[in-house]
Amino acid sequence: MYKKTLAKEFKRAKNFGRRHIEDIFIFRNVADNLHQKRILEHTKNLPPLCDEGSALVEKLRQDGVVITSCKNLTINSTPLFLESAYKIKEKLSREPSENVPNEPFLLASPSLVSNHPETFLWGLNEKLLNIAENYLGLPVAYHGMYFHRDLPNAKPVKSKLWHRDMEDYRSLKIIVYLNDICDESCGPLQFIPKNLSEKVSKKLGRNYGYTEDSLMQSLIPSHTWKSCLGPEQTVFLMDTVQLFHRGKVPLVTDRFAIFFDYTSRYPKRPYYCKSSLPKEKMISLAQGLSDQQIKALFWRDVVD
Ligand SMILES: [Fe+2]
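Residues numbered from 1 in each chain as written. Predicted model: local features only at pLDDT ≥ 70, side-chain atom pairs only at ≥ 80, totals over all residues. Heavy atoms only, no water.

**Q** Help me out: how do you make sense of the sheet that holds strand β3 (residues 140-150) in this one?
**A** Across a sheet, strands are paired by hydrogen bonds formed along the backbone, either parallel or antiparallel in direction. Read from one edge of the open sheet, 6 strands run β1-β7-β4-β9-β3-β2, paired in antiparallel fashion. Looking at which strands have only one partner, the edges of the open sheet turn out to be β1 (65-69) and β2 (105-107). For this sheet the average axis-to-axis angle between neighbouring strands, irrespective of direction, equals 25 degrees. Alignment of β1 against strand β7 (residues 234-238), held across 5 bridges, turns out to be antiparallel. Opposite I67, over in β7, you have F236 as the bridge partner. Packed onto the sheet, helix α3 (residues 51-63) meets β1, β4 (172-177) and β7 and runs at close to 145 degrees relative to β1. The strands that helix α5 (residues 78-93) touches are β2, β3, β4 and β9 (255-264); relative to β3, the one it contacts most, it runs at about 45 degrees. (Pairing = 2+ DSSP bridges. Helix = DSSP H or I, 4+ residues; strand = E, 2+ residues; numbered from the N terminus. Axes fitted to C-alpha atoms, helices over the stretch in contact; angles between N-to-C directions. Contact = heavy atoms within 4.5 Å.)

**Q** Explanation requested: the nonpolar core in the structure shown.
**A** One recurring pattern in soluble globular proteins: nonpolar side chains tend to sit buried together. Grouped together as the largest cluster of nonpolar side chains are 50 residues, with contacts concentrated most on F147, F260 and Y262. Broken down by element, the residue count for this core peaks at 6 residues, all from helix α8 (residues 126-136). For F147, the contacting residues outside a window of four places in its chain are A85, I88, K89, L92, L106, L107, A108, L178, F256, A257 and I258. Core analysis: the second largest hydrophobic core is formed by 13 residues, V65, I175, C228 and F259 among them. (Core = buried A, V, L, I, M, F, W, Y, C linked by side-chain atoms within 4.5 Å. Buried < 20%, exposed > 50% of the residue type's maximum accessible area, 1.4 Å probe, protein only.)

**Q** Please clarify how the coordination of the iron ion should be interpreted in this entry.
**A** Tetrahedral coordination by four donors puts the ideal angle at the metal at 109.5 degrees, and octahedral coordination by six puts it at 90 or 180 degrees. Donor atoms from the polypeptide that coordinate the iron ion comprise H163 (NE2), D165 (OD) and H245 (NE2), at 2.2 to 2.3 Å from the metal. The sequence motif formed by the donor residues of the iron ion is H-x1-D-x79-H. Residue H163 is found in the loop between β3 and β4, and its partner H245 is found in strand β8 (residues 245-247); the two are separated by 82 residues along the sequence. A relative accessible area of 8% places H163 in the buried class. Note on H245: relative accessible area 6%, which makes it buried. (Donors = N, O, S within 2.8 Å, 3.2 Å for Na, K, Ca; no water.)

**Q** Is there a simple way to think about a nonpolar patch on the surface in this case?
**A** Where nonpolar side chains cluster on the molecular surface, the patch consists of I21, I24, F25, I26, F27 and V30 and spans about 640 Å² of accessible area. With 4 residues, the single largest contributor to the nonpolar patch is helix α2 (residues 25-42). If you trace the backbone, I21 turns up in helix α1 (residues 2-22). (Patch = residues over 30% accessible without salt bridge, like charges linked within 9 Å, V, L, I, M, F, W, Y side chains within 5 Å. Areas by Shrake-Rupley, 256 points an atom, 1.4 Å probe, with all protein chains shown as cover. Salt bridge = Lys/Arg side-chain N within 4 Å of Asp/Glu carboxyl O.)

Put into structure tokens, the structure is as follows:
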């Protein structure tokens, strides 16, 4: 246990150092130019989108967030995905929360997810991959699925605090609610609008790290903060790199939500990218997938 904590702290310190070296102006400038060049070169290879997909991507580019629903996304595998998702929800809701003292949420284990592969594989649907690729402007990497059960009145730590993700220049998270989130007491995902997120970063002098409510309130009035509300099976697409965001701690009941996670295949900080499932489990789920899906799943092994 002690060894594990030490290794984790060492890795954290190493990544911190690496990030600071990369952010030195000259290095950052070279990396930013290469990123722009890649986007330009990839424009002609972007997969075509249906009208609905184009509208979602346009709105994402404009606001960094868009709301839809499982029904409106019209994906063939959605009924199977939902059937399995509710089975995971049922199992996860029976787990004692004392198993994770001091944590604000429980996550479905890799074994539980692999026993219901329709959930993990829904995120690899070609329609979603095409939306992600068009939004990111680059070939897409799929980092998997995190099934959350957020606990009421938990201590606001980690993703319960305001932050921007830092894996890439842009990111895409697809969030599916599995219970009604009708008001702030239900623990909605919250964000700060795109133009204001930029202002907050400038005021803070940083894009990374966690920010407490009191500090955020002193920088930007809380009436400008937005809550993602909707009935179960509402879906939000959000760029969590561009927007400050957090999961508000629910006050009364558990909040169940699934997060699907995408970046480009050339992430700005690959050492912060990890897959939700171990590689052997991904290999076991990969049978019958298309070339596009395999490349998104095993993106680290793809040589372009
Ligand atoms: Fe985040």
